[in-house]
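As a plain string of letters, each chain reads:
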Amino acid sequence: MSDVVVLADSLHTCYRAAFEAMGVAPEHSVVCADGLHYADLHGIKTHGAQALNRLYLRMLRDGEVDPEAVPVVVREHGGSCVVDGGNGIGFVAAEFALRQAVFRAKEHGVAAVAVRNSSHCGCMGWYTAKAAADDTLALASTNCGTQGLIPPLGGRDRLLGTNVFAAGAPAASLPPFNLDMSAAVVAAGRVRLARDEGEAVPAGWLADDAGRAVTDPAAYFDGRAQLQFLGGSPATGGYKGYGLAILADTLCGVLGGAGVGPVRHDDPVARADANIGHFFLAISVTHFRTDFHDGMDRMLQALIDSRPVERDRPVSYPGLPECQHRAGLSGTIALPAAVAAELSKVAEELGVPGPEIAHD
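Residues numbered from 1 in each chain as written. Predicted model: local features only at pLDDT ≥ 70, side-chain atom pairs only at ≥ 80, totals over all residues. Heavy atoms only, no water.

Engineer: Honestly, the overall build of the protein chain in this entry has me stumped. Any pointers?
Structural biologist: In terms of helices and strands, the protein chain carries 11 helices and 12 strands. What you see for the protein chain is a C-alpha radius of gyration of 20 Å, in line with the 21 Å of a compact globule of 360 residues. Across its three principal axes, the protein chain shows a C-alpha extent of roughly 55 × 55 × 50 Å. Taken over 360 residues, the protein chain has a buried fraction of 49%. At a minimum sequence separation of 6, the contacts of the protein chain that also span at least 24 residues come to 67%. (Helix = DSSP H or I, 4+ residues; strand = E, 2+ residues; numbered from the N terminus. Rg over C-alpha atoms; globule rule 2.2 N^0.38 Å. Buried < 20%, exposed > 50% of the residue type's maximum accessible area, 1.4 Å probe, protein only. Contact = heavy atoms within 4.5 Å.)

Engineer: How should I be thinking about the sheet that holds strand β10 (residues 226–227) in this particular structure?
Structural biologist: Within a sheet, each strand pairs with its neighbour through backbone hydrogen bonds, oriented either parallel or antiparallel. Within the open sheet, the 3 strands sit side by side as β9-β8-β10. Their pairing is antiparallel. The sheet terminates laterally at β9 (213–214) and β10, the two strands that pair on one side only. Summarising the sheet, strand β8 (residues 206–207) and β10 pair through 2 bridges and their orientation is antiparallel. Within β10, the position partnered with alanine 207 by the bridge is glutamine 226. (Pairing = 2+ DSSP bridges.)

Engineer: Is there a simple way to explain helix α11 (residues 337–350) in this structure?
Structural biologist: Every α-helix winds through 3.6 residues per turn, so residues three or four apart in the chain are directed the same way. Here α11 is 14 residues long and its end C-alpha atoms lie 20 Å apart, about the 20 Å a rise of 1.5 Å per residue gives. Listed in full, the buried residues belonging to α11 are Ala337, Val339, Ala340, Leu343, Val346 and Ala347. Next to the buried residues of α11 lie β1 (3–7), α1 (8–21), α3 (49–61) and β12 (332–336). (Expected span 1.5 Å × (residues − 1).)

Engineer: Whenever I open this one, the pattern of salt bridges confuses me. Can you help?
Structural biologist: If charged atoms from side chains of opposite charge come close, those side chains can pair. In total, this model carries 13 salt bridges according to the counting rule given. Here arginine 224 and aspartate 222 are joined by a salt bridge, their closest N and O atoms 2.9 Å apart. The network of salt bridges with shared partners includes Arg58, Asp62 and Glu64. (Salt bridge = Lys/Arg side-chain N within 4 Å of Asp/Glu carboxyl O.)

Engineer: Whenever I open this one, the sheet that holds strand β6 (residues 164–169) confuses me. Can you help?
Structural biologist: Taken in spatial order, the 7 strands make up an open sheet running β2-β3-β4-β11-β5-β6-β7, and their pairing is mixed. Of all strands in the sheet, those with a lone pairing partner are β2 (72–77) and β7 (177–182), marking the two edges. The mean angle between the axes of side-by-side strands here comes to 10°, regardless of whether they run parallel or antiparallel. Relative to strand β11 (residues 276–284), strand β5 (residues 136–142) runs antiparallel, the two sharing 7 bridges. Along β11, the bridge assignment pairs alanine 140 with phenylalanine 280. Packed onto the sheet, helix α5 (residues 124–133) meets β5, β6, β7 and β11 and runs at close to 165° relative to β5. (Axes fitted to C-alpha atoms, helices over the stretch in contact; angles between N-to-C directions.)

Below is the structure:
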């Protein structure tokens with residue numbers, strides 16, 4: 001089926017109204033809509049329109065998260081603090097924590113914030129991009145609570161999440177550096193998307209117990225294949241991704257008191273995706289040097305100007321393709337027809353405006 005092109009602003013309006021209809025406060029609904037819309041605008045298919053109903057509205061509908069939760073600082077000392085998300089929507093808790101980190105970094109130079117009792121919070125790159133826009137270099141990470149999505153190297157049991165790291169830094173005239181990556185070779189959502197669209201996944205994403213490459217995405221969901229860590233097998237550097245996954249659980253879980261993959265809840269009926277944790281490290285670049293932005297431009301420009309392997313594919317850097325994608329939009333976003341139809345249906349059920357079709 002062909003894509004459906006909708007007006008970008010109407011998509012944001014649909015998101016905001018949908019969250020409000022589910023009992024989320026207006027100011028928090030805007031935050032949630034902003035987080036989803038960031039993914040749409042930057043070409044990140046798994047974390048935008050496709051996630052609204054499947055993930056966020058479902059959690060609200062099923063009572064898994066509290067729509068009225070307000071994140072609070074429960075422990076603080078100088079440039080550090082712990083935020084409790086109150087089992088609310090992850091966007092709200094994480095965005096609050098990021099603002100805490102940036103504010104404290106501007107006072108102390110460096111700040112660190114750990115979050116507990118949160119839930120899925122969208123693209124971590126959204127948070128580092130927001131920090132970069134505020135002249136702050138930031139590291140952001142999230143774990144998956146006690147969800148088991150990938151086994152430790154050499155193990156059979158899925159004990160770890162696909163845990164994510166993002167890092168962003170402002171530049172002067174060039175788009176900010178903005179890295180957003182999973183500790184796995186790819187996020188589980190990318191495998192789900194391939195399955196839903198009836199496509200094979202590249203060799204290297206999945207492997208069976210014998211280490212053979214598997215390209216059928218359904219094999220991951222029925223247990224015939226495992227998602228691979230960044231780096232692949234131990235022989236090709238898989239311990240790097242494995243170590244990053246443990247580091248994310250340490251920063252996002254153990255440090256602030258959130259759930260961690262290897263430790264299961266004692267309560268057999270507790271949700272595995274409850275008590276997700278996040279972590280933010282913010283650095284005020286002007287505390288270190290006044291010409292940081294120019295230095296970033298020189299470094300990034302040197303990468304862009306370097307000789308490419310293919311003439312029509314110039315060298316890039318993390319953050320540049322996403323900014324180019326957004327710059328190429330003309331106030332519209334193309335959605336898969338099935339996703340557009342689902343959004344329209346959800347909007348009708350909630351009595352809110354749906355995304356508007358763009359007409360020539």
